[in-house]
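Working through the structure, step by step
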Amino acid sequence: MQSELEFGWFLPTSGDTEAFGEGADTIPSSMEAFEETTLAAEQAGFSYLLVPVQTLCWEAWVTSAMIVGRSQSIRPLVAARPGYIQPTLLAKMISTFDQLSGGRLCINLIAGASEKEARADGVHLSKQERYILMDETVELLKRLWTEPKPVTFEGEMVQCEGARCVPRCLQEPHPPFYLGGGSEQAAEISAKHSHVHLFWGDRPERIAEQIGALRERAAQHGRENELGFGMRLQIVVRDTEEEAWAAANRLIEGASDNWRDMIGKLWSSSEANRRMKELSEVEDYRLGPHLWTGLTTVRPGAGVAVVGNPQQVADTLREFVDAGCHSFCLSGYPHAREAERFGRDVMPLLVPSSAG
């Protein structure tokens, strides 16, 4: 089981901001903006960069290739989505990227939360069917990357005869798989295939319970020592606790009721999103002394934030380490500036060797 701490950051390819709501200043998507965030995260000590795939985001594979060419070490975490790319072509894309980047690639397994978005993209599979397709796709990918002879595969949704993948991956046996999701199907895919299961923000004690259940499930597949765990969290860190809470409140105070209603309509019916909506209803948006759900009212997706001074943020993240997590996929607004703050002020408290 993985134990060394790793930190990932987020690349906002639909634009960045210092606050949410009508009239808020925004940083539009551009190569310059992507490069600024990428280099800030790399210099801060983050090892990977989550590249999103929502409809309003710029295309993730092209963006990932561009940022690899303009950075030195950070690895894109880029999505493999069932139904979007034919599996044998996907295998070749991943292995080619892995080779040409010098092994700088992680794979994010995403079944897709929104049925409406999938249909708009021409993918007319149910959520359950997309998970079946994901499972079979990953099985085929691993065989194509590791088996010496051409592969014939006969699945419920994937079939191929005599398939090969050239080149093979540089990372052995292949790039790591990450998966975030709260459904039964997501848990089963992680138990069978993931290197890291990423939980969305929640109370540490609940995360510890879920880790225990996933470890038992992974053991049924002989992978009890192969599945690690992480958290997808927002970060608001300032020199003092008072400054941090003021910054957190500024993120959402300009959002009107119309804005919040619009965001509410963007929420999908996935289990992870259902839990986010549930957590947004706690008093004062406080899950704990430094866990805050206010962002869930102004943006869809993983909106639980850690808010506080550097020591408080580090101590809160340690609670998740104690629960069993080793990987942290983080983000904050605006992303280049918050990555710099986290790397300077928090990371040395968690990884002493990064001090100075």
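As the structure is a prediction and not an experimental result, all values here were calculated from the model. Note that residues are indexed from 1 along each chain, following the sequence as it is written. For a predicted model such as this one, the threshold for reporting local features is a pLDDT of at least 70, and the threshold for listing and counting side-chain atom pairs is 80 or more; totals across whole chains, interfaces and linings nevertheless cover every residue. Excluding hydrogens and water, the side-chain figures rest on all heavy atoms present in the structure.

Some details on the pattern of salt bridges
Quick note on the threshold: Throughout this description, the term salt bridge denotes a Lys or Arg side-chain nitrogen within 4 Å of a carboxyl oxygen of Asp or Glu. Numbering of helices and strands starts at the N terminus; helices are DSSP runs of H or I of at least 4 residues and strands are runs of E of at least 2. Summary of the burial criterion: residues with accessible area below 20% of their type's maximum are buried, those above 50% are exposed, and those between are partly exposed, where the area comes from a 1.4 Å probe applied to protein chains only.
Scanning the model with the defined rule gives 16 salt bridges in all. In this structure, aspartate 135 and lysine 192 form a salt bridge, with 2.9 Å as the shortest nitrogen-oxygen distance. Placement of aspartate 135 in helix α5 (residues 127-146) and of lysine 192 in helix α6 (residues 184-193) is noted, with a sequence separation of 57 residues between them. Glutamate 278 is the partner of arginine 275 in a salt bridge, and the nearest nitrogen-oxygen pair spans 2.3 Å. Of this pair, arginine 275 and glutamate 278 both sit in helix α10 (residues 271-279), separated by three residues, roughly a single helical turn. Residue class for glutamate 278 comes out partly exposed when judged on its relative accessible area of 36%.

Examining the packing of aromatic side chains
Just so we agree on the cut-off: Whether two aromatic rings pair depends on their centres lying within 6.5 Å, for rings of Phe, Tyr and Trp, where Trp uses its six-membered ring; planes under 30 degrees apart make the pair stacked, over 60 edge-to-face, and the rest tilted. The criterion is that NZ of a Lys, or CZ of an Arg, lies within 6 Å of the ring centre and within 35 degrees of the ring normal, and then a charge sits over that ring.
By the definition in use, this model includes 11 aromatic pairs. Residues tyrosine 48 and tyrosine 178 carry aromatic rings whose centres are separated by 5.2 Å and whose planes lie at 55° to one another, so their mutual orientation is tilted. Here tyrosine 178 lies in strand β9 (residues 177-180) and tyrosine 48 lies in strand β4 (residues 48-50), a separation of 130 residues in the sequence. Accessibility classification places tyrosine 48 together with tyrosine 178 in one group, the buried group. For the pair tryptophan 145 and phenylalanine 177, a centre-to-centre distance of 6.3 Å together with 20° between the ring planes defines the contact as stacked. Taken as a pair, tryptophan 145 in helix α5 and phenylalanine 177 in strand β9 lie far apart in primary sequence, 32 residues in all. Taken as a pair, tryptophan 145 and phenylalanine 177 share a single burial class, namely buried. Through successive ring pairs, a cluster of aromatic residues spans Phe7, Trp9, Phe46, Phe328 and Phe342. Just above the ring of tyrosine 84 sits the side chain of arginine 81; from NZ or CZ to the centre is 3.8 Å. Sitting over the ring of tryptophan 245, arginine 286 keeps its end group 3.6 Å from the ring centre.

Focus on helix α3 (residues 87-100)
In plain terms, the rule: Any helix carries an expected span of 1.5 Å times its number of residues minus one. The directions from the helix axis to the C-beta atoms form the arc being described. Here, residues are in contact when the closest pair of their heavy atoms is within 4.5 Å.
Between its terminal C-alpha atoms α3 stretches 20 Å, which fits the 20 Å expected from 14 residues at 1.5 Å a residue. Along α3, the positions that sit buried rather than exposed are Pro87, Leu90, Ala91, Ile94, Ser95, Phe97 and Asp98. Projected down its long axis, α3 shows its buried positions confined to an angular sector of 160°, all on one face. The secondary structure elements touched by the buried residues of α3 are α2 (60-69), β5 (75-80), β6 (106-109) and α5. At the C-terminal side of α3, glycine 102 shows a positive phi close to 75°.

Points about the side chain of serine 327
Put simply, the test is: Contacts described as polar in this section are N or O atom pairs within 3.5 Å, which, within protein, must combine one atom able to donate a hydrogen with one able to accept it, while residues neighboring in sequence count only if both atoms come from side chains.
Turning to its location among the elements, serine 327 is positioned in strand β15 (residues 327-331). Within the structure, serine 327 has its side chain in polar contact with the side chain of tyrosine 48 (distance 3.3 Å). Filtering out sequence-adjacent residues up to four positions away, serine 327 remains in contact with Glu6, Tyr48, Tyr178, Val196, Leu198, Phe229, Gly230 and Met231.

Description of the packing of helix α1 (residues 31-44) against α2
Here is the rule we go by: Axes here mean lines fitted to C-alpha atoms, for a helix over just the part in contact, with angles spanning 0 to 180 degrees between N-to-C directions. Relative orientations are named as follows: roughly parallel for angles under 35 degrees, roughly antiparallel for angles over 145 degrees, roughly perpendicular for angles from 65 to 115 degrees, and oblique for any other angle. Left-handed is the label given to a crossing in which the near helix is rotated counterclockwise from the far helix by less than a right angle, and right-handed is the label when the rotation is clockwise.
The interhelical angle for the contact between α1 and α2, taken along N-to-C directions, is 60°, at an axis separation of 10 Å. Overall, the two elements α1 and α2 adopt an arrangement that is oblique. Like other packed secondary-structure pairs, α1 and α2 cross with a definite hand, here right-handed. Taken together, the residues of α2 that come into contact with α1 (itself represented by Met31, Phe34 and Thr38) are Thr63, Met66 and Ile67.

Focus: the nonpolar core
Note the cut-off: As used here, the term nonpolar core means buried Ala, Val, Leu, Ile, Met, Phe, Trp, Tyr and Cys residues forming a set that is joined through side-chain atoms within 4.5 Å.
Core analysis: the biggest nonpolar cluster contains 77 residues, and Phe46, Ile107, Leu109, Leu233, Phe328, Leu330 and Phe342 have the highest contact counts within it. The element best represented in this core is α5, accounting for eight residues. Setting aside residues up to four positions removed in sequence, leucine 233 forms contacts with Gly201, Val304, Val306, Leu317, Phe320, Phe328, Cys329, Leu330 and Ser331. Ala244, Trp292, Ala305 and Tyr333 belong to the second largest nonpolar core, which has 17 residues in total.

Examining the environment of alanine 91
Mapped onto the elements of the fold, alanine 91 is located in helix α3. C-alpha of alanine 91 to C-alpha of proline 176: the two residues are 85 residues apart in sequence and 13 Å apart in space. Setting aside residues no more than four positions away along its own chain, alanine 91 makes contact with Leu141, Leu144, Trp145 and Cys165.

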